[in-house]
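In case you want the letters, here they are:
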Amino acid sequence: MKTSAPGRTCSIATVLLSLLAVLHTSTPQKNDIDIYSLTVDSRVSSRFAHTVVTSRVVNKANVVQEATFQVELPKRAFITNFSMIIDGVTYPGNIKEKAAAQEQYSTAVARGESAGLIKATGRKMEQFQVSVNVAPSAKVTFELVYEELLKRHLEVYELLLKIQPQQLVKHLQMDIHIFEPQGISFLETESTFMTNELADALTISRNKTKAHIRFKPTLSQQKSPGQEDTVLNGNFIIRYDVNRTLSGGSIQIENGYFVHYFAPEGLPTIPKNVIFVIDKSGSMLGRKIQQTREALIKILDDLSPRDQFNLISFSGDATQWKPLLVPASAEDVNQARRYVAGIQAQGGTNINDAMLMAVQLLSNANRQELLPAGSVSLIILLTDGDPTVGETNPARIQKNVQEAIAGQYSLFCLGFGFDVSYAFLEKLALDNGGLARRIYEDSDSALQLQDFYQEVANPLLTAVTFEYPSNAVEEVSQDNFRLLFKGSEIVVAGKLQDQSPDVLSAKVRGHLHMQNITFQTEIRVAEKEEEFQSPKYIFHSFMERLWAYLTIQQLLEKMILASDAEKQALETRALNLSLQYSFVTPLTSMVVTKPEGEERSEVAEKPVETENKHKHFHLGLPLSRFHTMGDRRSRLTGSSYADSFLTERSGYRGPTGPSGKAPGNPGRIGPQGPVHSPSHRLTYHGVRDLLLPDMLLAPSTPDEVDLRIKARVSAIPSDTMTQRHQERKHSGSSEDTSQPAKTDSPPAPIQAPPVILTLPGQSVNHLCVDIKHSQGPMNLLSDPDQGVEVTGQYETEKAQFSWIEVTFKNPQLQVRASPEHVVVTRNRRNSAYKWKETLFSVTPGLNMTMDKAGLLLLSSPDKVTIGLLPWDGPGEGLRLLLRDTDRFSSHVGGTLGQFYQGVLWGPPAAADDSRRTLSVQGRDYSATRLLKLDYQEGSPGTEISCWSVEL
C-alpha cells in the first residue's frame, strides 16, 4: 500500500526480509519448525537506517530439526551484528580481519561445507543465511543488525522490504521510524502483496519531522482465502523526501559529529554535450539491441533544446553518426531516431577505438570553440562484453582513455549483462569522474537505461567544494565533487574538534552555467545537538557511525583508483574503521559460532560487484529442503547447488569455434561462460524442488532466475457437427453416387469488443465500441476538470491496443500499459509491474491496485475510475474500462469521451429493431444490437446484448 504527500519520486535503499524453515522429514510434517515471532525494527535518523531483524522459532517435532534464518539486505548496507540464542546460551558473530578468519574459512571449505554466509542475490540485494540444529521442543532466537546511509535517487529515498515468511506467524510486526529535522515533505508506501483485508493491518502516522509506519497483521489476515498458507510474499516499500530550499544545505550535529546534506532547490540546469557510445557487436543481437534502440529513442526525446549530442556505434570498427556534435533540435533528434532504429548487431568489440573517437569529437569541438561556455560534456558508454578487437588489454584501454580525456569530460559506463568485466568498466568510469552501472538483462532493460540517463540528464553544478573552519572540524570525508545532478544529494560528514566554536560555518562553492556561486551556512552547535536528544525511538550516536560508514565507502572507492603504494594506506585505514565500528565490509569477515557437535564456525564475507560474474544464482524456489532422521541429516540447497556448480566450473569458459568465436554467440569473440558438466545430476522432489544449472535455464539475469511451469488450456466450443448426405438425382443414369459428406463450421466464438462504455442516466446502459479505422495514437478521452487524459495506439490488423497511456495532472503521474507490463512514471523515474502480480498503492489523489487477474484500477475520490486489463479471452488484448462515469465533467472529450456529452438515441428502425441511430455533438452513428463478451469483470467474461458502433 502506498500513502504519500504531494509528489516526488524514488531513490533506492533496499531491505529484504525472508525467513525460511522448509523441511522434509521421514514422516513429513508441515511447520515442525514454527516461526512464532518475526519482527523488523528500522530506525531512520537523518537518512541513516539502523535495522534489527529478530526471529524466534521452536521445534515442534520429536526429532532434531534444522532451522534456517535468511535475510536479504541491500548491497550498500554493512552488517554490524548477528547472534543466536539457543537454550539460553548466546552464540555471537565476531567481526575480524579477513586474514584472521581465513583459517576457519579454509577449514570449512576443505570439509565441503558452504562457508560463505552472504551471497549476492539480485540487482540490489545480498542474502545472509545461517542454519542450526534445533532439539525437540527447543527454541532459538536469531537477531541480525545492519546499517546503511540511504542514498537520494531521482528526488526520493527508498526503503524496500521483502516479506516472505513462508508460513503463518503468530506475532509478525514491522516498525519503521523516520526522523528528519529538515521536515518530511513526501511519504508513501507501496506493497505487492497487500489486500483490502491486510490494509487494515497497516498504520501510518506522521507530523512535520517524524513518521511511524507499522505493519502488524493477525493470523487470519495472513491467510490465503480458503487455505492455511500465508499471503505475505512480496515487496513493501517506503519512499520519502525532505524539505529543501535554495541554500547551503542542512548541517546536523549529534554527539560530537556533524553531517552536511547539500541538494539546493531552484537551480537552473546546465546545458550538456553528450556522446552516446553504443556497442552493436554480434552478442547484442536480439533483445539486447532491440531494447537499446528503444531506450535510446526515448532518451533522444528527453534531450533539452540547449543540449548538443552525437552517436557512435561500434563493433569491430567505430562509426560516428555525424562529423560534429549537433544541437538537439526537433529535426536533428528525428534524424537521430531514424539512425538508431537502423542499428544492427554484428561483429566484434572494439571499445578502445570507439572511446578515443568520442573523446576526439569533444576535443575537436572544444578547440573550435563549438562547445557552449559553461556547458558540461558527458560520454555514456554501453557495452555487453569485454574488448575483442583492436586494443584488448583492459589496463591499456583505461590508460589510453584517461590520457585522452585529461580530466575535461565525465565518462559513465553501462555494462549490459554478465559477459562484461564490471571491474574494468568501474575503473574506466571512476578514472574519468563518472560511475559504472550494471544493466540487467530482463524485460525492463530499456527502462533501466532510461532511468540511468535521467540520473545524469540535468547537471546543476560543477566543481563543488565544501569549506569548514580548520579550528572547528577534523577527519572530514570527501569534500570536493565534480558534478551535482538534479534529484541527487551530496553528503559530507566529519568530527567536531573538542574546542570547536559555538557557531559552525560552512561554504559550498560551485560553478553554474555562466557564473560561480557560493552558498554560506551558519548554525549554532548547541541548538542543533538538541534536535537529536529528545526522540525516544531514534538510534542515538548514529552520526558517528554514519561518518564511519561514509568514510569506509569512499576509501573503498579510492582503492580502485590508487597505485599499489597508496592502496595499502587506504586499505589499512578502511580496515581499522571497519573493525572499530564492527562493519562487515570487503576487508572484514564475521565468524559465526555454533553449538558443539556442529560445524563450530562459519564465515560471512561481503560480496563485491566484480565477483558477480557467472556466480550467485538465486533460484525462484524454496531456498532449501532438508531430510532429517534423528540427528543425521542430508541437505540439498537451491542456491548452494548452483553456486557450487558454478564455482567448480568457473575456471572453464567453454569451447570456442573457429576464429575464437563461441558457439551460440555470433558476434562475441573469445571465451564464454560455464558449460554443463554431465557428472552433475539433477535432483527432483516435485516441481517446487527442481534445481537446474544455469545453462539449462538460459536465464536472462544470471543471479535472479525464476522457474515457472505453466499449463494453458484453451477451451474450444464443442458444437454437434451434422453431416448431410444427399443423393444425386438419377438423370437417365444407373450410377448412384453420394455427395461427399459436408461439415458445417462451428460458429465463431463471441468476441469481446475493444471498448465497453458504461453510460449512466441514459436509456442504453452499455455501448460497445469497435475501432475499424485508426492511424497513429488516439486521444481516447480527456477531462481537464478531472485532470486526466487517456491515449492509445490501436492496431486494426490485430484488432487490439498495442498500448494505452493514462496521464494524471495531480498527482503528476503517468501509467503506460502494454501487453508485456505496466510502467508507472513519477518525476522522471520508471517503475515496471508485471501483469497479474498484485499491487496495492495509495497516494493522496490516486489509488492504484492490481489483482491476480491483472485488473489494474486507477481510482480517486470524486473522480472517474479508469481500469486496464490484459484480456486473454476471445479477442485477446489490452482492454480499457471506465467506472463512476457520472463524475465526468461537461468538458470531457476525445474519441470515447464524446459519448459522455449528451448522447441522443433515435428509435429502432422500423424494418429491423436491432438497428438504431445515435447522435453525438451533431454527428450520427449507426448502432447495431449484437451479442458481445463483457470483459469488465475479467476472464472468462459474460455474454451481453450490447448496442455496438464502429469508429
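As a convention, each chain's residues are numbered from 1 in the sequence order in which they are written. It should be noted that, the model being predicted, local features are given only for residues of pLDDT at least 70 and side-chain atom pairs only at 80 or more, the latter also being counted only at that level, while totals for whole chains, interfaces and linings use all residues. Each side-chain value is worked out from all heavy atoms of the structure, with water and hydrogens disregarded.

- The protein chain is annotated in an unreviewed UniProt entry as Inter-alpha-trypsin inhibitor heavy chain H4 isoform X2 from Panthera pardus.
- In the Sequence similarities (unreviewed entry) part of its UniProt record, the protein chain is described as follows: "Belongs to the ITIH family." UniProt positions are given in the numbering used here, feature names are shortened, and annotations may be inferred rather than shown by experiment.

## Looking at empty space enclosed by the protein
Over the atoms rolls a probe the size of a water molecule, and its path tells where empty space is left.
Thought 1: With a 1 Å grid laid over protein atoms only, a set of points is called a cavity when a 1.4 Å probe fits there but cannot get out and a pocket when it is open yet has protein on both sides within 12 Å along at least five of seven lines; lining residues have an atom within 4 Å of a point. Grid points are joined across faces, edges and corners, and a volume is the space filled by probe spheres set on the points. In total, this model carries four cavities of 30 Å³ or more according to the counting rule given.
Thought 2: When its volume is computed, the largest cavity comes out at roughly 110 Å³.
Thought 3: Residue lining of the largest cavity: Phe-276, Ile-278, Thr-292, Ala-295, Leu-296, Ile-299, Ile-380, Leu-382, Leu-414, Leu-449, Phe-452 and Tyr-453, and that is the complete set.
Thought 4: For the lining of the largest cavity, the elements supplying multiple residues, two or more each, are β20 (272–279), α4 (287–302), β24 (376–383) and α9 (445–456).
Thought 5: With four residues, the top contributor of residues to the lining of the largest cavity is α4.
Thought 6: For the lining of the largest cavity, the class distribution of residues is 11 nonpolar, one polar and no charged. Runs of E in the DSSP output that reach at least two residues are strands. Runs of H or I that reach at least four are helices, and both are numbered from the N terminus. In this classification, the charged set is Asp, Glu, Lys and Arg, the nonpolar set is Ala, Val, Leu, Ile, Met, Phe, Trp, Tyr, Cys and Pro, and all remaining amino acids, among them Gly, are polar.

## Overview of the side chain of Thr-51
Thought 1: Checked against the element boundaries, Thr-51 lands in strand β5 (residues 48–59).
Thought 2: Exposure classes here rest on a 1.4 Å probe applied to the protein chains alone. A residue is buried below 20% of its type maximum, exposed above 50%, and partly exposed in between. We classify Thr-51 as buried; its relative accessible area is 1%.
Thought 3: Side-chain polar atoms of Thr-51 contact the side chain of Ser-42, separated by 2.9 Å. Any pair of N or O atoms that falls within 3.5 Å is considered a polar contact. Within protein, one atom must be able to donate a hydrogen and the other to accept it, and sequence-neighbouring residues count only if both atoms are side-chain atoms.

## A closer look at the confidence of the model for the protein chain
Thought 1: Scored from 0 to 100, pLDDT records how confident the predictor is in each individual residue. Across the protein chain, the average pLDDT comes to 80, with 79% of residues at or above 70.
Thought 2: It only takes one pair of heavy atoms within 4.5 Å for two residues to be counted as in contact. Counting interchain partners and residues more than four positions distant, the pLDDT-below-50 stretch residues 1–30 has 148 contacts.
Thought 3: In the model, residues 111–115 has pLDDT below 50 throughout and makes 10 contacts with residues more than four positions away in sequence or in other chains.

## Concerning the pattern of salt bridges
Pairing between side chains becomes possible if they bear opposite charge and their charged atoms approach one another.
Thought 1: Any carboxyl oxygen of Asp or Glu within 4 Å of a side-chain nitrogen of Lys or Arg constitutes a salt bridge here. Inspection of the entire model under this criterion finds 33 salt bridges.
Thought 2: Notably, a salt bridge pairs Asp-872 with Lys-836, separated by 3.1 Å at the nearest N-O pair. On the criterion of sequence distance, the pair formed by Asp-872 in the loop between β50 (865–871) and β51 (877–883) and Lys-836 in the loop between β46 (829–834) and β47 (839–843) is long-range, its members being 36 residues apart.
Thought 3: You can call Asp-872 partly exposed: its relative accessible area is 31%.
Thought 4: Residue class for Lys-836 comes out partly exposed when judged on its relative accessible area of 38%.
Thought 5: One salt bridge in this structure joins Arg-915 and Asp-912, with 3.5 Å as the shortest N-O distance.
Thought 6: Take Arg-915: its relative accessible area is 43%, and that puts it in the partly exposed class.
Thought 7: One network of salt bridges, in which partners are shared, links Arg-47, Arg-152, Glu-180, Asp-241, Arg-244 and Glu-489.

## What about the pairing of strand β16 (residues 210–215)?
Thought 1: Burial along β16 is one-sided: Ala-211, Ile-213 and Phe-215 are buried, while Lys-210, His-212 and Arg-214, pointing the other way, are not.
Thought 2: One requirement defines pairing of two strands: DSSP has to find at least two bridges between them. In this structure, the hairpin formed by strand β15 (residues 202–206) and β16 is closed by a connection of three residues.

## Some remarks on the sheet that holds strand β28 (residues 473–474)
Thought 1: Taken in spatial order, the four strands line up as β18-β19-β30-β28 in an open sheet, and their pairing is antiparallel. The open sheet has two edge strands, β18 (250–254) and β28, and neither has a second partner.

## Remarks on the sheet that holds strand β31 (residues 503–511)
Thought 1: Here we have four strands laid out as an open sheet, ordered β29-β27-β31-β32, and antiparallel in their pairing. In this open sheet, the two edge strands, each paired with only one partner strand, are β29 (480–485) and β32 (516–524). Across the sheet, the mean angle separating the axes of adjacent strands is 30° when strand polarity is ignored.
Thought 2: The pairing of β31 with β32 spans nine bridges and is antiparallel. Across the sheet, residue Leu-504 finds its bridge partner in β32, namely Ile-523. All axes are obtained by fitting lines to C-alpha atoms, using only the stretch in contact for helices, and the reported angles, taken between N-to-C directions, cover 0 to 180 degrees.

## As for the packing of aromatic side chains
Thought 1: Geometry of aromatic contacts follows a simple scheme: Phe, Tyr and Trp rings, the Trp one being its six-membered ring, pair when their centres are within 6.5 Å, and the pair is stacked under 30 degrees between planes, edge-to-face over 60, tilted otherwise. Counted by the stated rule, this structure contains 29 aromatic pairs.
Thought 2: Between Tyr-794 and Phe-801 the ring centres are 5.0 Å apart and the planes differ by 75°, which places this aromatic pair in the edge-to-face class. In this structure, Tyr-794 and Phe-801 share a single accessibility class: buried.
Thought 3: An aromatic cluster is present here, built from Phe-48, Phe-78, Tyr-549 and Phe-583 joined pairwise through their rings.
Thought 4: Geometry around Phe-418 places Arg-438 over its ring, the cationic atom sitting 4.2 Å from the centre. We count a charge as sitting over a ring when the NZ of a lysine or the CZ of an arginine lies within 6 Å of the ring centre and within 35 degrees of the ring normal.

## Observations concerning the state of the cysteines
Thought 1: A pair of cysteine sulfur atoms is labelled a disulfide when the two atoms are within 2.5 Å. In the structure shown here, the tally under the stated rule is one disulfide.
Thought 2: Here Cys-768 connects covalently by a disulfide to Cys-946, the sulfurs 2.1 Å from one another. Classification of the bridge connecting Cys-768 and Cys-946 rests on its S-S torsion, roughly 120°, and on that basis the disulfide is right-handed. One end of the pair, Cys-768, is in strand β40 (residues 766–770); the other, Cys-946, is in strand β55 (residues 942–950), with 178 residues separating them in the sequence.
Thought 3: Among the residues examined, Cys-768 registers a relative accessible area of 0% and is labelled buried.
Thought 4: Note on Cys-946: relative accessible area 0%, which makes it buried.

## Brief notes about the packing of helix α8 (residues 422–430) against helix α11 (residues 542–561)
Packed helix pairs are characterised by how far apart their axes lie and by the angle those axes make with each other.
Thought 1: In the contact formed by α8 and α11, the axes pass within 9 Å of each other and the chain directions differ by 95°. It follows that α8 is roughly perpendicular to α11 by the angle criterion. Side by side, α8 and α11 meet where Glu-426, Lys-427 and Leu-430 of the first sit next to Glu-557, Ile-560 and Leu-561 of the second.
Thought 2: Residues belonging to the contact of α8 with α11 are distributed by class as follows: three nonpolar, no polar and three charged. Should an angle fall under 35 degrees it is taken as roughly parallel, and over 145 as roughly antiparallel, whereas 65 to 115 is taken as roughly perpendicular and any remaining angle as oblique.

## Describing the pairing of strand β42 (residues 788–795)
Thought 1: Sheet topology places strand β41 (residues 778–783) next to β42; five bridges connect them, and they run antiparallel. Counterpart to Leu-781 in the pairing with β42 is Val-790.
Thought 2: Hairpin connection from β41 to β42: four residues lie between these consecutive antiparallel strands, with Gly-787 at a positive phi of about 70°.
Thought 3: Taken together, the eight bridges between β42 and strand β43 (residues 800–808) define a ladder with antiparallel strand orientation. From the neighbouring strand, Tyr-794 faces β43, where its bridge partner is Phe-801.
Thought 4: A loop of four residues connects β42 with β43, the two strands running antiparallel in sequence, and Ala-799 in this loop sits at a positive phi of about 55°.

## Quick notes on the nonpolar core
Thought 1: Of all hydrophobic cores here, the largest spans 62 residues; its most connected members are Phe-82, Phe-128, Phe-142, Ile-178, Phe-215 and Phe-236.
Thought 2: Considering every element that reaches this core, the biggest residue donor is strand β4 (residues 33–45), with five residues.
Thought 3: To form a nonpolar core, buried Ala, Val, Leu, Ile, Met, Phe, Trp, Tyr and Cys residues must be joined to one another through side-chain atoms within 4.5 Å. Ala-752, Ala-817, Leu-855 and Leu-881 belong to the second-largest nonpolar core, a separate cluster that totals 61 residues.

## Observations concerning the environment of Gln-65
Thought 1: Relative to the assigned elements, Gln-65 resides in strand β6 (residues 65–74).
Thought 2: Separated by 71 residues in sequence, Gln-65 and Pro-136 place their C-alpha atoms 7.6 Å apart.

## A short note on unusual backbone geometry
Thought 1: The omega torsion across Asn-810 and Pro-811 is 0°, close enough to zero to call that bond cis.
Thought 2: Relative to the helices and strands, Pro-811 resides in the loop between β43 and β44 (813–817).
Thought 3: Even without being glycine, Ser-46 reaches a positive phi, approximately 50°.
Thought 4: Unlike most non-glycine residues, Asn-827 shows phi in positive territory, near 45°.
Thought 5: Within the secondary structure, Asn-827 is located in the loop between β45 (821–826) and β46.
Thought 6: Relative accessible area serves as the criterion here: at 22%, Asn-827 is assigned to the partly exposed category.

## Let's talk about the environment of Phe-69
Thought 1: With respect to the helices, strands and loops of the structure, Phe-69 is situated in strand β6.
Thought 2: Residues Phe-69 and Ser-55, 14 residues apart in the sequence, show an inter-C-alpha distance of 7.9 Å.

## Brief notes about the packing of α4 against helix α5 (residues 330–341)
Thought 1: One can describe the packing of α4 onto α5 by two numbers: an axis separation of 9 Å at closest approach and a directional angle of 175°. When the interaxial angle is binned, α4 and α5 end up roughly antiparallel. On α5, the residues that touch Arg-293, Leu-296, Ile-297, Leu-300 and Asp-301 of α4 are Val-333, Ala-336, Arg-337, Val-340 and Ala-341.
Thought 2: For the contact of α4 with α5, the class distribution of residues is seven nonpolar, no polar and three charged.

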